[in-house]
Amino acid sequence: MHQELVERRRWISERRFLHALSYCMVLPGPEAQQLATYIGWLLHGTWGGIVAGALFVLPSWFILSFLAWLYLAFGHLPVIAGVLYGIKPAVTAIVVFAAYRIGSRALKNGLLWAMAAVAFIAISAFEVAFPYIVLAAGILGLIGGQIAPAKFTTGDGHRAADKGFGPAYIDDEAPLPEHARFRLGRLLRFAGIGFSLWAGAFGLLIAHYGWQGILSQMAWFFTKAALLTFGGAYAVLPYVYQGAVGQYHWLTGPQMIDGLALGETTPGPLIMIVTFVGFTGAWTNAVFGADSLLLSGIAGGTVATFFTFLPSFLFILIGGPLIESTQGEIMFTAPLTGITAAVVGVILNLAVFFAYHVLWPQGLSGPFDGFSALIGMAAFIALFRYQLGIIPVIAGCGGLGLVYS
């Protein structure tokens, strides 16, 4: 998104992009989709945010619904296993490259680098929960902004980096659009509309299937997942795993792992694995009967997706004007700068997590997968040295995995 929106298309400046990203990182739920919604809203108002956020999700919904149907109807296909084998190390390289790109732009001094390092150690060595890391980084940023404001004021560095890209449509100094100005009446109106949409859909499910109905339980569970999990997809996944597998038994552990593999290898946010979980849970439990498994799966996937992403739209449409009004105010920007630094360390931890499971699929006591390492190195070189796009890298690595397997 940074490459397309900041560097190539110049729809938004880097400082405004990172300001929006920091806000989305603080929110519960999927920050990538929230960032797309935020930028669409900033550019074109309410409908811009809805269109950007919805089209960020819909392609993945179609793809994962189709793949879930293939998976459940036809079992494990050797050709899919081969493609997945090649894509997993590519995903590892993509995460490493993401940490590099964000870190090189957001970590402008030694203090921010140290915060990123501490965040990495905290989450990897001590398994500190992501919300606590975000809270600590925000507090440190707030204190640091008062004691050493120069360390937490990154605007000059962002403007310098922007010079090579040319002027942006929404630039650092661009005045706030009219729709981005805070109004209490607007906030209350959107809050009312959002709650009505949620309550109406939830009430309809309860009226038809009862509180104990699978679709009703999915609606309630994925609402909680959207509101209680911070840190993006990898913070949501453990919560979804515990609930869908351990509590509700909508699917088995191996099915959840296969769904994660499918989610990793499809375009769009990884959080779209909720579509797979909902589809599989409703299919397995034959919500609409044994003769309508496909319809059951589509209904389950739709319910899971709708209740996961609805709060994200509301967070942006309600909170966006408040965040935009803090542009340039150190009291508000310093905590977000600290959070961004910490997030770099968290992303690096994800890369280490991926690398461990890809290169040592049977654990450290098992064999080292040398061919996966070669694919991962080739993917990183393609991204870093030759600046290839994500999709060509994924496709090429998937092809290598298929041929090798």
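Within each chain, residues carry numbers counting from 1 in the order of the written sequence. Thresholds applied to this predicted model are a pLDDT of at least 70 for local features of residues and 80 or more for the giving and counting of side-chain atom pairs; totals over whole chains, interfaces and linings are not thresholded and use all residues. For the side-chain quantities, the full set of heavy atoms in the structure was used; hydrogens and water were omitted.

Visitor: Teacher, can you tell me more about the pattern of salt bridges here?
Guide: Between side chains of opposite charge, a pair can form as their charged atoms come close. Whenever a carboxyl oxygen of Asp or Glu lies within 4 Å of a side-chain nitrogen of Lys or Arg, that contact is scored as a salt bridge. A full pass over the atoms with the stated rule returns three salt bridges. Across the pair Glu-4 and Arg-8 runs a salt bridge whose closest N-O atoms are separated by 3.0 Å. Taken together, the residues span about one helical turn, with Glu-4 and Arg-8 both in helix 1 (residues 2–8) at a distance of four residues. Judged by its relative accessible area of 53%, Arg-8 is exposed. With its nearest N and O atoms 2.5 Å apart, the salt bridge here joins Arg-101 to Glu-7. Here a strand is any run of E in DSSP of at least two residues, a helix any run of H or I of at least four, and the numbering for each starts at the N terminus. Three exposure classes are used, based on accessible area relative to the maximum for each residue type with a 1.4 Å probe and protein chains only: buried under 20%, partly exposed in between, and exposed over 50%.

Visitor: Can you help me understand helix 3 (residues 31–74) in this one?
Guide: Residues spaced three or four apart along an α-helix face the same direction, because each turn holds 3.6 residues. A rise of 1.5 Å per residue sets the reference length of helix 3, with its 44 residues, at 64 Å; its end C-alpha atoms lie only 34 Å apart and thus fall more than 12% short of the reference. Think of it this way: the bend at a residue is just the angle between two axes, each fitted to seven residues, one set ending at that residue and the other starting at it. Taking the largest bend as the criterion, helix 3 deviates by roughly 150 degrees, centred on His-44. To estimate the expected span of a helix, count its residues, drop one, and scale the result by 1.5 Å.

Visitor: Quick question: what am I supposed to make of the environment of Ile-193 here?
Guide: Mapped onto the elements of the fold, Ile-193 is located in helix 8 (residues 184–209). Linking Ile-193 and Phe-56, residues 137 residues apart in sequence, is a C-alpha distance of 22 Å.

Visitor: Explain the side chain of His-2 to me, please; I cannot follow it from the model alone.
Guide: When you line up the elements, His-2 lands in helix 1. Take His-2: its relative accessible area is 12%, and that puts it in the buried class. There is a polar contact of 3.1 Å between the side chain of His-2 and the side chain of Glu-7. With residues near it in sequence (within four places) discarded, His-2 still touches Glu-7, Glu-14, Phe-17, Arg-101 and Arg-105. Pairs of N or O atoms within 3.5 Å make up the polar contacts considered here, provided that, within protein, one atom can donate a hydrogen while the other can accept it, and that residues adjacent in sequence are counted only when both atoms are side-chain atoms. Contact between two residues is taken to exist if any of their heavy atoms lie within 4.5 Å; hydrogens are not considered.

Visitor: Explain the confidence of the model for the protein here, please?
Guide: Low pLDDT marks stretches whose predicted atomic positions should not be read closely. By definition, pLDDT measures how confident the predictor is in each residue, and it falls between 0 and 100. Of all residues in the protein, 90% attain a pLDDT of 70 or more, and the chain-wide mean is 84. pLDDT under 50 marks residues 155–162. Its contacts with residues more than four places away, or in other chains, come to 17 contacts.

Visitor: Hey, could you run me through the layout of surface pockets in this one?
Guide: With a probe scaled to a water molecule rolled over the atoms, the places where space remains empty come into view. Size it by volume and the second largest pocket reaches roughly 490 Å³. Together, 19 residues line the second largest pocket, and Ile-50, Ala-54, Phe-306, Leu-310 and Phe-313 are the ones closest to its centre. Listed by contribution, the elements that provide at least two residues to the lining of the second largest pocket are helix 3, helix 8 and helix 13 (293–324). In terms of residues, the lining of the second largest pocket owes the most to one element, helix 13, which gives eight residues. Looking at the lining of the second largest pocket, its residues break down into 15 nonpolar, three polar and one charged. Buriedness of a pocket was judged along seven lines, with at least five required to meet protein on both sides within 12 Å; pockets are open sets of points on a 1 Å grid over the protein atoms alone, cavities are sets where a 1.4 Å probe fits but cannot get out, and lining residues have an atom within 4 Å of a point. Grid points are joined across faces, edges and corners, and a volume is the space filled by probe spheres set on the points. Residue type decides the class: Asp, Glu, Lys and Arg count as charged, Ala, Val, Leu, Ile, Met, Phe, Trp, Tyr, Cys and Pro as nonpolar, and the leftover types, Gly among them, as polar.

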